[in-house]
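The lines below spell out each chain.
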Amino acid sequence: NHTQIKFILLGITESPCVQAPLFGLFLLIYIVTLVGNIGIMVLVWVVPSLHTPMYFFLTLFSFTDICYSTVISPKILADLLSENKTISFAGCVMQFHGFAFFATAECHLLAVMAYDRHVAICNPLLYVTVISSRVCRQLVASSYLIAFFSAIVYTSCAFGGSFCGPNQIDHFFCDVIPVLKLVCSDTHSSEMVIFAFVAINGLSTSMIILLSYIYILRTVLRMHSAQSRSRAFSTCASHLTAVSLFYGTLFFMYLQPASSHSSLDKLASIFYTVLTPMLNPFIYSLRNKEVKCALVKCRRRMLNRCRHEKAVP
């Protein structure tokens, strides 16, 4: 038995006539992802009114989305234009580790953001003391530490066996399920460990999110203003839609028996690896009144600066 030097990614589709349009589509999605998330980070940095815990978490969430998308999308784009779709063993390990790390970190940051909103809406008088700058740093640090430890476990289980047979990965990136299919040794224990860690990370964070929004909705229903209730419901609905899309596809992929996986796996993977990082900036920020006001102010400043520069001879 020996470890394969390289793997072959079969990609999204083998049809040559579809690969060029798919390249244009995925390139557009990746550019929008970068522009949207970098724009949010810059906006929070330059506008003093957005220097709050909520936008601190949102900035790190956008940074995670950028890294998360960059681990996957460039390789997809390169493979859509190339006939040589190989990836080295070390490259495959690094890609999967990066994917596992940022995906797990995103789950925990979503939970942190939901808890932050719960405290802000349900206990506004205690918000400053409960969500202090020290608590913010601790929550973020714990999210990344748990994600790093979990990613090491996932990667060790996925690539710890012996690869002595076929080296074709039936996917567009090095995901754990198609990689385990190539392992010659018994993978039952590895699958159980991965299942357990996905369940712990996924279910614990999703329960925090769900409970936070239940308490938020209870508080919103007690509001006297119909306009405030409508705005809060709209925001909660959009956030829960994004969370449901992300968690639903993740659970579909990783919390089902190995024998149940089908051709729908690639479609589900596209949702949580490509589409969700693109949609998050619009859902979590551009539907926010404070962000809209900050964008308007930045636009006015830029226009006034341009007029001033033109006026000066």
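This one's a predicted model, so the numbers in the text were calculated from it and none came from an experiment. (Residues numbered from 1 in each chain as written. Predicted model: local features only at pLDDT ≥ 70, side-chain atom pairs only at ≥ 80, totals over all residues. Heavy atoms only, no water.)

## Quick look at the overall build of the protein chain
In step 1: Scanning the protein chain for helices and strands turns up 10 helices and 3 strands.
In step 2: Ordered by position from N to C terminus, the α and β elements of the protein chain give β-α-α-β-α-α-α-β-α-α-α-α-α.
In step 3: When the 313 residues of the protein chain are sorted by exposure, 47% land in the buried category.
In step 4: For the protein chain, the share of sequence-separated contacts (at least 6 apart) that also reach a separation of at least 24 residues comes to 78%. (Helix = DSSP H or I, 4+ residues; strand = E, 2+ residues; numbered from the N terminus. Buried < 20%, exposed > 50% of the residue type's maximum accessible area, 1.4 Å probe, protein only. Contact = heavy atoms within 4.5 Å.)

## Describing the UniProt feature "transmembrane region" (unreviewed entry) in the protein chain
In step 1: In the numbering used here, UniProt assigns the feature "transmembrane region" (unreviewed entry) to residues 21-47, 53-72, 144-163, 192-216, 237-255 and 267-286.
In step 2: Secondary structure within residues 53-72 divides into 100% helix and 0% strand; the distance between the first and last C-alpha atoms comes to 29 Å. (UniProt positions renumbered as here; feature names shortened; annotations may be inferred.)

## Considering a positive patch on the surface
In step 1: Side chains of Lys297, Arg299, Arg300 and Arg301 sit close together on the surface and give a patch of like positive charge.
In step 2: Within the fold, Arg301 resides in helix H10 (residues 289-311). (Patch = residues over 30% accessible without salt bridge, like charges linked within 9 Å, V, L, I, M, F, W, Y side chains within 5 Å. Areas by Shrake-Rupley, 256 points an atom, 1.4 Å probe, with all protein chains shown as cover. Salt bridge = Lys/Arg side-chain N within 4 Å of Asp/Glu carboxyl O. Lys, Arg positive; Asp, Glu negative; His and termini not counted. Charge placed at Lys NZ, Arg CZ, Asp CG, Glu CD.)

## Points about the confidence of the model for the protein chain
In step 1: This prediction gives the protein chain a mean pLDDT of 84; 88% of its residues lie at or above 70.
In step 2: The lowest-confidence element of the protein chain is H10, averaging 68 in pLDDT; the highest-confidence one is helix H5 (residues 133-159), averaging 94. (pLDDT = per-residue confidence, 0-100.)

## As for the state of the cysteines
In step 1: Taken as a whole and assessed by the stated rule, the structure comprises 1 disulfide.
In step 2: At a sulfur-sulfur separation of 2.0 Å, the disulfide partner of Cys92 is Cys174. Torsion about the S-S bond of the Cys92 and Cys174 cystine: about -120°, corresponding to left-handed handedness. With Cys92 in helix H3 (residues 89-122) and Cys174 in the loop between strand E3 (168-169) and helix H6 (176-180), the pair connects residues that are 82 residues apart, well separated along the chain. Exposure class is identical for Cys92 and Cys174. Each is buried. (Disulfide = S-S within 2.5 Å.)

## Examining the pattern of salt bridges
Side chains carrying opposite charge are able to pair once their charged atoms draw close together.
In step 1: Under the defined criterion, the tally for this structure stands at 3 salt bridges.
In step 2: Here Asp79 and Lys75 are joined by a salt bridge, their closest N and O atoms 3.3 Å apart. Residue Asp79 and its partner Lys75 are both found in helix H2 (residues 53-81); the two are separated by 4 residues, about one turn of the helix. Of the two residues, Asp79 and Lys75, neither departs from the other in class, the shared state being buried.
In step 3: When the shortest N-O distance is used, the salt bridge between Arg117 and Asp116 registers 3.1 Å.
In step 4: Its relative accessible area of 1% is what places Asp116 among the buried residues.

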